[in-house]
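Each chain is listed here by its residues.
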Amino acid sequence: MELYDVTIIGGGPAGLYSAFYSGLRDLKTKIIEHHPQLGGKVNIFLEKMLWDVGGQPPILAETFVKNLIEQAMTFQPTVCLEQKVTMIDKQDDLFVIQTEQGHTHYSKTVIIAIGGGILEPMKLTLEGAEKYEMTNLHYTIKEMERFRNKNVLLSGGGNSAIDWAVELLHVAKHMTVIYRGDDLKAHEAQIKKLQQHGVTIRLQTEIQSLIANEQKTAIDEVLIVSNGMEERLAVDDVLVCHGFNREVSLDVAKGIDIKRNEHQQFESIGQCKTTVDGIYAVGDIVAYADKVYLLVGTFNDAVLAVNSAKTYLQPTANPYAMVSSHNEKFHARNREILATT
Ligand SMILES: Cc1cc2nc3c(=O)[nH]c(=O)nc-3n(C[C@H](O)[C@H](O)[C@H](O)COP(=O)(O)OP(=O)(O)OC[C@H]3O[C@@H](n4cnc5c(N)ncnc54)[C@H](O)[C@@H]3O)c2cc1C
């Protein structure tokens, strides 16, 4: 049984910064993440520019995630991917963390960083649709250039769908937006941009079936249905933005009296402490007055939670880590960095 000081459940921005800070505080740290990759929900908007992260000039979300991961690995935490935590139990003074895949992890403290939970795009339920995910059926945009000069059919009418449509305006050769509702549900200003560019927007319209090319490897045409009328549209790529299924089913064993609100968020009693000693919550899954549900908010939570864990484990420890500008831990690394610049 390998015992950790801090086990972080969730490898999004809050979990990643917690891992860095936990290492800074000399705590033996592990991250458990459900997806095969770290980064959390930023992975669903990798091609967007971020402007609202302090001290950071506009940065591609993909680069931001890479930087976050690099920083999180500074003190070499253990990282367990593709493990979904289902249960937190307590035996004596230790937390026992169970995963759906049958792993058991032991930890002195736990930081819950599961954000909005596990997000999976709502996929087309058409038979055989999944095979085109390898070619030209997309549920998010990972690489904008993929769509350059392409004839794109975008299905969806919410904010995320219309935001992608606006981003594609200057890349795609032609775009058709279809939506099953009577009106698009996105911000008016974004809808206006599409209209000003003459994008074809078809309401009360749905994908009926996908018609493959001769080799049966990619979608060649899409059969859409609009008010009972069928029509075939030739496409290069199909982007489906029908929202996300969200799963926040992390359980705690009987006897662990942890308080969650009606949105399933963990209530903080201060300093990102939950109602259970030794369990902390950070990022989008924690609730307290004045909580900021943005990337910058996750960093603040991480510092609070890790410092809380540190003083829980070592009551005489300093309540804060030594600032990095004066922290001896970085002296050797600083010399290396300065030598190469
Ligand atoms: C479309 C969109 C655009 C956004 N744009 C911005 C922006 O421009 N600026 C900004 O500041 N913020 C933005 N945000 C908000 C920002 O992304 C979130 O505040 C931030 O990602 C929260 O980080 P987190 O680590 O708390 O949660 P998440 O990013 O949700 O990460 C949680 C992680 O936990 C994992 N997980 C969940 N359950 C389990 C489990 N049981 N076991 C193991 N792992 C689990 C998930 O797979 C995920 O990787 C945006 C959000 C969205 C949806």
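Residues numbered from 1 in each chain as written. Predicted model: local features only at pLDDT ≥ 70, side-chain atom pairs only at ≥ 80, totals over all residues. Heavy atoms only, no water.

Draft legend 1. Expanded view of the overall build of the protein chain. The number of helices and strands found in the protein chain is six helices and 22 strands. C-alpha atoms of the protein chain, sized along the principal axes, occupy 70 × 55 × 40 Å. Residue burial in the protein chain is summarised as follows: out of 341 residues, 48% are buried. For the protein chain, contacts bridging at least 24 residues in sequence account for 58% of all contacts bridging at least 6. With an accessible surface of roughly 17600 Å², the protein chain has 49% of that area assigned to carbon and sulfur atoms. In the protein chain, the 33 positive side-chain charges and the 43 negative ones have mean positions that sit 3 Å from each other. (Helix = DSSP H or I, 4+ residues; strand = E, 2+ residues; numbered from the N terminus. Buried < 20%, exposed > 50% of the residue type's maximum accessible area, 1.4 Å probe, protein only. Contact = heavy atoms within 4.5 Å. Areas by Shrake-Rupley, 256 points an atom, 1.4 Å probe, with all protein chains shown as cover. Lys, Arg positive; Asp, Glu negative; His and termini not counted. Charge placed at Lys NZ, Arg CZ, Asp CG, Glu CD.)

Draft legend 2. Fine view of the sheet that holds strand β15 (residues 219–226). Pairing is antiparallel across the open sheet formed by three strands, whose spatial order is β14-β15-β16. In this open sheet, the two edge strands, each paired with only one partner strand, are β14 (205–212) and β16 (229–234). Averaged over neighbouring strand pairs, the angle between their axes works out to 25° when direction is ignored. As defined by bridge partners, β15 adjoins β16 across six bridges and the pair is classed as antiparallel. Residue pairing across strands places Glu221 opposite Ala234, the latter belonging to β16. (Pairing = 2+ DSSP bridges. Axes fitted to C-alpha atoms, helices over the stretch in contact; angles between N-to-C directions.)

Nothing here speaks to function; it is all geometry.
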